Amino acid sequence: MSVNEDIREQRKKLKGQGFKAKWDYFWEYYKIHTLVGVCALILLVMLIHDISNNKPYGFYAAAINSAASGAQDILEKEFTDYSGIDTTNQLCYIDTTLVYNLDLIDEVTIATSQKIMATMAASDLDVMIADDKLFTHYANQESFLDLRTVLSEDELKGLEDRLFYVDQGYLDYLNSDEYQNYVSTGEFDPANEYAVMADKYNKDFTMPNTDPAKMQSPVPVGIRVDDSKALSESGAYANATPFAGIIINTTRPDISVSFLHFLLGE
């Protein structure tokens with residue numbers, strides 16, 4: 001059997017199976033390609049700025065699944081004016097071209113995933129905006145900063161009905177030896193609510209709980225910005241509910257907070 005025939009046969013077997021099975025298949029066949037691609041992309045990101053621009057980022061946001069690639073120029077100009085970033089010395093970059101389909105691991109999704117990984121690894125990315133499903137995906141990979149570290153109690157109270165939470169207990173489970181054993185064997189403790197939650201997510205993409213009242217240790221990591229004037233006027237997220245969060249390893253927390261205020265129209 002040829003390589004192409006083998007791949008087609010494997011894809012037939014995966015039809016109707018959950019995310020974990022599809023991901024395991026992808027990782028088995030494309031692991032080396034993905035790792036090489038991520039490393040190459042990190043180098044490319046660094047080269048672009050060292051050679052092409054020779055200007056550091058003053059701010060970098062990724063607006064994924066915005067469905068409005070043309071919104072980039074509008075948002076960059078408006079936020080530059082709002083924040084006072086000196087674009088003669090720094091770049092204000094808001095990428096609205098990224099597409100990530102959680103239901104289909106195709107070349108576009110892989111490229112977006114690699115770009116996000118590369119920009120985070122290089123500490124370039126400051127803020128991510130994404131639809132609720134994708135934001136949940138990244139939030140449960142510990143991608144976002146605890147907003148309690150950058151916003152005051154009064155600010156958080158004013159945003160109470162907009163906040164997006166993750167359960168620190170669930171994140172701790174994902175980093176545990178118990179979860180690694182589950183990844184290897186597929187076996188888990190049905191009495192462990194986090195184990196059940198992770199299994200459901202891996203099998204059929206049932207998203208982890210986002211209700212803070214049902215969490216053992218809720219952590220605010222995102223803000224719902226579905227009525228953002230800046231986004232609506234740019235045409236972004238017209239048919240989605242977007243959330244914005246600050247990347248956990250940002251080197252520019254102050255300008256990142258300013259961007260959240262910009263999105264909120266403050």
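These numbers come from a predicted model, not from an experiment. (Residues numbered from 1 in each chain as written. Predicted model: local features only at pLDDT ≥ 70, side-chain atom pairs only at ≥ 80, totals over all residues. Heavy atoms only, no water.)

Draft legend 1. Highlighting helix α9 (residues 193–204). Compared with an ideal rise of 1.5 Å per residue, which puts 12 residues at 16 Å, α9 spans 16 Å between its outermost C-alpha atoms and is within 8% of the ideal. Every buried residue of α9 is listed here: Tyr194, Ala195, Met197, Ala198, Asp199, Tyr201 and Asn202. Between the side-chain oxygen at the start of α9 and the backbone nitrogen of Tyr194 there is a gap of 2.9 Å, and the oxygen is on Asn192. Of the residues trailing α9, Phe205 is marked for its positive phi of about 60°. (Helix = DSSP H or I, 4+ residues; strand = E, 2+ residues; numbered from the N terminus. Expected span 1.5 Å × (residues − 1). Buried < 20%, exposed > 50% of the residue type's maximum accessible area, 1.4 Å probe, protein only. Polar contact = N/O pair within 3.5 Å; in protein donor to acceptor, adjacent residues only side chain to side chain.)

Draft legend 2. Highlighting the environment of Ser256. Secondary-structure assignment places Ser256 in helix α11 (residues 253–263). The exposure class of Ser256 is buried, given its relative accessible area of 0%. The spacing of Ser256 and Val127 is 129 residues in sequence and 6.4 Å in space, taken between C-alpha atoms. In this structure Ser256 touches Phe59, Asp126, Val127, Ile246 and Thr250, once residues within four positions along its chain are discounted. (Contact = heavy atoms within 4.5 Å.)

Draft legend 3. A look at the packing of helix α3 (residues 71–83) against α11. For the pair α3 and α11, interaxial distance at closest approach is 11 Å and the crossing angle is 115°. Here α3 lies roughly perpendicular to α11, going by the angle between them. Here the hand of the crossing between α3 and α11 comes out right-handed. Listed contacts from α11 to Leu75, Glu78, Phe79, Tyr82 and Ser83 of α3 are Ile255, Ser258, Phe259, His261 and Phe262. A breakdown of the residues in the contact of α3 with α11 according to their chemical character gives six nonpolar, three polar and one charged. (Axes fitted to C-alpha atoms, helices over the stretch in contact; angles between N-to-C directions. Parallel < 35°, antiparallel > 145°, perpendicular 65-115°, else oblique. Left-handed = near helix turned anticlockwise from the far one by under 90°. Nonpolar A, V, L, I, M, F, W, Y, C, P; charged D, E, K, R; others polar.)

Draft legend 4. Broad picture of the side chain of Ser258. Relative to the elements of secondary structure, Ser258 occurs in helix α11. Relative accessible area serves as the criterion here: at 17%, Ser258 is assigned to the buried category. With residues up to four places along the chain from it excluded, the contact list for Ser258 reads Phe79, Tyr82 and Ser83.

Draft legend 5. Main features of the nonpolar core. In terms of nonpolar packing, the biggest core is built from 36 residues, with Ile64, Ile116, Phe135, Tyr138, Phe144, Tyr173 and Val221 touching the most fellow members. Per-element accounting of this core gives the leading share, five residues, to α9. Residue contacts for Val221: discarding those within four places in its chain leaves Phe135, Ala139, Phe144, Leu145, Leu147, Phe164, Val166, Ala244, Gly245 and Ile246. In this structure, Leu156, Ala244, Val257 and Leu260 belong to the second largest nonpolar core, which totals 34 residues. (Core = buried A, V, L, I, M, F, W, Y, C linked by side-chain atoms within 4.5 Å.)

Draft legend 6. Just the sheet that holds strand β3 (residues 127–131), in detail. Spatial ordering of the open sheet is given by β2-β1-β3-β6-β5-β4, a layout of six strands whose pairing is mixed. Of all strands in the sheet, those bounded by a partner on one side alone are β2 (91–95) and β4 (163–167). Neighbour-to-neighbour, the strand axes of this sheet turn through a mean angle of 25°, independent of strand direction. Relative to strand β5 (residues 218–224), β4 runs antiparallel, the two being bridged by five bridges. The partner of Phe164 across the bridge, within β5, is Gly222. Its contacts with the sheet put α3 on β1 (57–63) and β2, and the angle it makes with β2 is roughly 140°. Here helix α4 (residues 107–121) sits on the sheet in contact with β1, β2 and β3, set at roughly 150° to β1. (Pairing = 2+ DSSP bridges.)

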